[in-house]
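Close look at the chain arrangement
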Amino acid sequence: MEKKSVMKKITGSREALLAVVLIVLFVIITAINPSFLTPKSLMDMLKNNAVTMVMSLGMLCVMLVGGIDISIMSTLALSGMSIGMLLKYEHISSTFLAFVIAIAIGIVCGAVVGLIISRADVPPIIATMGFMYIYRALGYQVSHGGEWASAAALGNFKNFATTKFLGLNAVIWVIIVCYVFFLWFMKWARTRCMIYAVGSNPSAAEVSGINVKNIKLLVYTIMGLLAGLGGALQVSVYASAMPDMQYGGEMDVIAACVIGGVSMSGGRGTVVGAFLGSIILATIAKALPLVGISSLWQNMIKGVIILVVVVINVILQRIADKNALKGREM
């Protein structure tokens, strides 16, 4: 109980620190360029980074069990390219159906990855690296070797990203719904306890009656679902479908979780942390061009910020472990 209490305090401190970092970033950027802190600018920032924000929730679940998934953007490309070609050749015209198909493809891709990792005991980095190439290649096959679907070919589907409901863009509503659901899921759902248990100590979780293999399969399936959703959002927001879309974007999703304090060894991380991490990344991506920093320096600055935040997280974790050890000795 003492360890849990210390961990909660450290988690709260970490999230408070991230919130302070975010506020400081907002103040500095707004002082340099006042146009940053306008409703339109902020809404555009959220919409343009919706894919990373939504998919970081799936990566949170994967990393909580001590896994990793670098095939997610290939899954996104396959699902997005599939609905793009279906819309282009008028096999479908319904926006809702396009989302359903993209999500279904993502679920299948995620489930296959989860089966290989959980049943065949293949290390996650190896399995997902293989599927990264497989799914990306399938995306090119679906595109007939490199075709792409332009805005004109997408029909009404592209209008989803410009539609508003109660004054908010539909894409932002998708983000809100996803985060509200995962806040509930990671707080109240019984499966949440199993996910944390598997990440903290798989052997102890197995002994306690938790089906570790099924939990691993579940988290990769969730990741696939959100990657499929991300594919549909990507096509709608940018009004195009290309087989190479979001190439390398999986690093941003992983970085958002790491910045948010999600442990790569499993067992630690929160939805709030993933949200703050993805917002910080989105803010950096939006702000650096506004303050006149060239693209050559943008990735370096992003890398430095990630390293600084990770070092702080490691220090806080060591403090938590040290305090927990003292509590047991007392």
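From a predicted model like this one, the values you see are computed outputs, not experimental measurements.

**A word on the overall build of the chain**
When its secondary structure is counted, the chain shows 13 helices and 2 strands. Here the C-alpha atoms of the chain give a radius of gyration of 20 Å, agreeing with the 20 Å that 2.2 N^0.38 yields for 330 residues. Taking the principal axes of its C-alpha atoms as reference, the chain extends roughly 70 × 55 × 40 Å. By the burial criterion, 48% of the 330 residues in the chain qualify as buried. Within the chain, residue pairs in contact and separated by at least 24 positions form 78% of the contacts whose partners lie at least 6 positions apart. Side-chain charges in the chain split into 24 positive and 13 negative, and the spacing between the mean points of these groups amounts to 8 Å.

**Regarding unusual backbone geometry**
Even without glycine at this site, leucine 166 takes up a positive phi of about 55°. Of note, alanine 239 is a non-glycine position whose phi angle comes to about 50°, a positive value.

**Looking at the environment of serine 118**
Tracing the chain through its elements places serine 118 in helix H5 (residues 95-119). What makes serine 118 buried here is its relative accessible area of 2%. Serine 118 sits 99 residues away from leucine 217 along the chain, and the two C-alpha atoms are 6.1 Å apart. Those residues in contact with serine 118, other than ones at most four positions away along the chain, are Lys213, Lys216 and Leu217. Polar side-chain contacts of serine 118 include one of 2.6 Å to the backbone oxygen of glycine 114. Here arginine 119 takes part through its side chain, which lies 3.2 Å from a polar atom of the side chain of serine 118.

**Let's talk about the pattern of salt bridges**
For the coordinates displayed, the defined rule picks out 2 salt bridges. Note that lysine 40 is salt-bridged to aspartate 44, the shortest N-O span being 2.9 Å. Note that lysine 40 and aspartate 44 are positioned in helix H2 (residues 39-48) at a spacing of 4 residues, about one turn of the helix. You can call lysine 40 exposed: its relative accessible area is 60%.

**Some remarks on the side chain of glutamine 234**
Inspection of the secondary structure assignment puts glutamine 234 in helix H10 (residues 212-238). Taking relative accessible area as the criterion, glutamine 234 reaches 8% and is therefore assigned buried. Here glutamine 234 is in contact with Val51, Leu76, Ala239, Ser240, Met245 and Gln246, once residues within four sequence places are set aside.

**Quick word on helix H3 (residues 50-64)**
With 15 residues, H3 should reach 21 Å at 1.5 Å per residue; the first-to-last C-alpha distance of 22 Å fits that figure. Of all the bends in H3, the greatest measures close to 30° and is centred on serine 56. Across the 15 residues that make up H3, a large majority, 15, are buried. Trailing H3 by a residue or two, glycine 66 shows a phi angle of about 80°, which is positive.

**Describing the state of the cysteines**
By the definition in use, this model includes 0 disulfides. Free cysteine cysteine 109: the closest other cysteine sulfur is in cysteine 61, separated by 18 Å. Here cysteine 178 is not cross-linked by a disulfide; its sulfur's nearest cysteine counterpart is in cysteine 61, at 11 Å. Accessibility expressed as a relative area gives 11% for cysteine 178, which makes it buried.

**A closer look at a nonpolar patch on the surface**
On the surface, a nonpolar cluster with roughly 670 Å² of combined accessible area is contributed by Leu17, Leu296, Trp297, Met300, Val304, Val308 and Ile312. Per-element accounting of the nonpolar patch gives the leading share, 6 residues, to helix H13 (residues 295-329). Here leucine 17 shows up in helix H1 (residues 2-32). Judged by relative accessible area, which is 32%, leucine 17 ranks as partly exposed.

The rules behind these values
Residues numbered from 1 in each chain as written. Predicted model: local features only at pLDDT ≥ 70, side-chain atom pairs only at ≥ 80, totals over all residues. Heavy atoms only, no water. Helix = DSSP H or I, 4+ residues; strand = E, 2+ residues; numbered from the N terminus. Rg over C-alpha atoms; globule rule 2.2 N^0.38 Å. Buried < 20%, exposed > 50% of the residue type's maximum accessible area, 1.4 Å probe, protein only. Contact = heavy atoms within 4.5 Å. Lys, Arg positive; Asp, Glu negative; His and termini not counted. Charge placed at Lys NZ, Arg CZ, Asp CG, Glu CD. Polar contact = N/O pair within 3.5 Å; in protein donor to acceptor, adjacent residues only side chain to side chain. Salt bridge = Lys/Arg side-chain N within 4 Å of Asp/Glu carboxyl O. Expected span 1.5 Å × (residues − 1). Bend = angle between axes of the 7 residues up to and from the residue. Disulfide = S-S within 2.5 Å. Patch = residues over 30% accessible without salt bridge, like charges linked within 9 Å, V, L, I, M, F, W, Y side chains within 5 Å. Areas by Shrake-Rupley, 256 points an atom, 1.4 Å probe, with all protein chains shown as cover.

All quantities given are derived from atomic positions and should not be read as evidence of function.
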